[in-house]
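Chain and residue survey
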Amino acid sequence: MPLLAVPVVVGWLVLDELLTKAETATRAVSDIEAFAEQVKAWQIAAAAAVGAGGVITLATVFHRQALAARAAADARYDADEKRAQELFVKAVEQLGHAAAAVRVGALHALDALGQEHEGRRRAVMDVWCAYLRMPPPEKPDAEEGKPARPWWTDLIRPRRKTRPPPEPTPQEATWPAEELQVRATAQRLITEHLHPPDKLNRKKKQPKPSGAFWGAMDIDLSGAHLHYFNLSNYRLGKAMFDGVTFHGGAGFDGVIFHGDAGFNGATFHGNAGFELATFNGNARFYRATFNGNAKFQNVIFRPVLHGCVMFGGATFTRHAEFRGATFTGDAWFDGATFAGHAEFIMAKFARQTRFDMATFAGHTRFDGATFTTFDRTFDDARVLELGADHVLPQGWTVGADDGKPGRPLEGAATAPNVSAAEEDPEAS
């Protein structure tokens with residue numbers, strides 16, 4: 001060790017110098033004085049050697065202590081990781097337990113594990129999402145040949161004895177009441193760790209994990225059945241809700257998506273709120289079904305380069321409100337059905353906009369909507385409510401009767417950077 005050799009070299013040089021002086025003194029003085037000087041020199045040299053040895057010993061002790069501390073830290077880390085892995089495996093196994101209370105306890109055990117070990121949070125979130133993605137168990141009815149009852153018939157009573165519950169549908173989710181409590185716990189834990197504190201939520205950039213907030217994590221709930229799911233003002237990474245069935249209202253107001261958001265084939269049985277949400281990636285609602293009001297007021301759709309916002313084939317059973325929405329990329333509504341009012345008042349379309357083969361059954365309003373480019377089409381789009389006071393984009397009118405339900409939209413884009421103007425709905 002170079003550092004430990006320094007005191008030895010210094011001691012040797014001091015000894016050599018003192019011996020040289022002693023030899024010189026021996027020639028100049030008597031033998032007795034020379035001997036005394038020589039003894040003194042040896043004493044000083046011995047003291048220097050002892051000091052150098054002490055330094056070496058001290059350095060050796062410090063080095064050994066550092067190695068021992070590092071070994072102890074590694075051992076503690078390995079023990080903690082082994083314990084965390086054992087707890088994780090045990091909790092995952094308990095999620096398959098027959099008792100609902102045990103499954104709820106397993107979810108909370110995973111919650112405590114993720115809160116304590118930041119490196120486990122991704123795995124914990126994946127397990128929660130996977131649990132919600134699991135299909136309901138088969139629940140045959142007591143009467144042979146009769147379809148299984150929907151889960152909510154176990155929770156409600158008919159108002160009158162003469163009024164039976166609604167007939168079940170083949171695709172209805174059939175979970176027992178206690179399983180609904182387990183799934184509600186999983187939903188609550190997921191949403192609890194995706195909501196940043198207010199001071200972090202005001203920041204435009206993606207906030208870092210803090211406290212119960214685990215960061216804007218990716219979630220995959222494809223095909224899940226979610227009940228009164230609310231993520232208002234939350235932060236998400238890549239979010240996959242393809243094929244999800246939302247029972248009750250679904251709240252995404254003010255959500256910031258930091259990655260792609262997929263709602264392809266999703267079904268919203270209640271109102272769907274996306275007001276003031278921001279999509280910083282591709283937003284896809286292909287063949288989504290909105291059985292309640294769909295609220296997209298003041299939403300910002302900001303897809304990545306060459307990305308798009310897709311509502312192709314979507315069905316809006318009630319009102320579709322896109323008032324003040326901003327589409328910075330392509331906006332595709334091909335084949336969409338607007339059974340209620342369709343409002344695009346003050347909406348901004350920056351790139352290609354397509355409403356080809358769309359059906360407008362209620363009031364259609366594009367008041368103040370702006371289109372930056374010529375590339376906007378309403379080919380084969382139809383308006384069904386002829387007496388409504390429609391406000392269509394400039395250059396487009398309700399056409400003549402062609403023997404099919406409603407009237408076709410006719411016209412073409414006249415110029416970019418123009419807003420919608422009122423047209424006579426009876427024009428032919």
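The structure we're discussing is the one just above.
Quick notes on the rules
Residues numbered from 1 in each chain as written. Predicted model: local features only at pLDDT ≥ 70, side-chain atom pairs only at ≥ 80, totals over all residues. Heavy atoms only, no water. Helix = DSSP H or I, 4+ residues; strand = E, 2+ residues; numbered from the N terminus. Buried < 20%, exposed > 50% of the residue type's maximum accessible area, 1.4 Å probe, protein only. Contact = heavy atoms within 4.5 Å. Areas by Shrake-Rupley, 256 points an atom, 1.4 Å probe, with all protein chains shown as cover. Pairing = 2+ DSSP bridges. Axes fitted to C-alpha atoms, helices over the stretch in contact; angles between N-to-C directions. Parallel < 35°, antiparallel > 145°, perpendicular 65-115°, else oblique. Nonpolar A, V, L, I, M, F, W, Y, C, P; charged D, E, K, R; others polar. Core = buried A, V, L, I, M, F, W, Y, C linked by side-chain atoms within 4.5 Å. Left-handed = near helix turned anticlockwise from the far one by under 90°.

For the rest of this paragraph, the subject is the overall build of the chain. Summing up its helical and strand segments, the chain has six helices and 32 strands in all. Across the 428 residues in the chain, those meeting the buried criterion constitute 41%. Of the contacts made within the chain by residues no fewer than 6 positions apart, 41% connect residues no fewer than 24 positions apart. Of the accessible surface of the chain, which amounts to about 22700 Å², a share of 56% is contributed by carbon and sulfur atoms.

Mapped onto the elements of the fold, D389 is located in the loop between β29 (382-383) and β30 (396-398). Through-space distance from the C-alpha of D389 to that of T364 is 7.8 Å; in sequence the pair is 25 residues apart. When neighbours within four sequence positions are excluded, D389 is seen to be in contact with H363 and R365.

Let's shift gears to the sheet that holds strand β24 (residues 353-354). The strand order β1-β4-β8-β12-β16-β20-β24-β28 describes an open sheet built from eight strands, whose pairing is parallel. Where the open sheet ends on each side, the last strands, each with one partner, are β1 (219-220) and β28 (376-377). Judged from the two bridges that link them, β24 and β28 form a sheet pairing that is parallel. Within the sheet, the bridge partner assigned to T353 lies in β28 and is R376.

It is worth spelling out the packing of helix α3 (residues 100-116) against helix α5 (residues 177-192) at this point. Across the interface, α3 lies against α5 with an axial gap of 9 Å and an inter-helix angle of 10°. Considered as vectors, α3 and α5 are oriented roughly parallel to each other. Counted together, A100, R103, V104, L107, H108 and D111 of α3 and E178, E179, V182, T185, A186, R188, L189 and E192 of α5 form the full contact between these two elements. Its residues assigned to classes, the contact of α3 with α5 comprises six nonpolar, two polar and six charged.

Counting 83 residues, the largest nonpolar core has F241, F246, F252, F263 and F274 as the members making the most contacts within it. Contributions of two or more residues to this core are made by α2 (31-94), α3, α4 (121-133), α5 and β30. The element that contributes the greatest number of residues to this core is α4, accounting for seven residues. Setting aside residues no more than four positions away along its own chain, F241 makes contact with I219, L221, L226, F229, L231, F246, F252, G262, F263 and A266.

Looking now at unusual backbone geometry. A negative phi angle is the norm for most residues apart from glycine, just as the trans form is the norm for most peptide bonds. The phi angle at N298 is positive, at roughly 55°, despite the residue not being glycine. Note on placement: N298 falls in the loop between β14 (294-295) and β15 (300-301).

It is worth spelling out the packing of α3 against α4 at this point. Angle between the axes and distance between the axes: these two values describe a pair of packed helices. Across the interface, α3 lies against α4 with an axial gap of 8 Å and an inter-helix angle of 155°. Relative to α4, the element α3 lies roughly antiparallel. α4 is crossed by α3, and the crossing has left-handed handedness. Here R103, L107, L110, D111, G114 and Q115 of α3 come into contact with α4, specifically with R121, V124, V127, W128 and Y131.

Read across the sheet, six strands follow the order β6-β10-β14-β18-β22-β26 without closing on themselves; strand pairing throughout is parallel. Strands at the two margins of the open sheet, each flanked by one partner only, are β6 (250-251) and β26 (364-365). By the bridge criterion, two bridges tie strand β22 (residues 342-343) to β26 in an arrangement that is parallel. Its bridge partner lying in β26, E343 is registered against R365.

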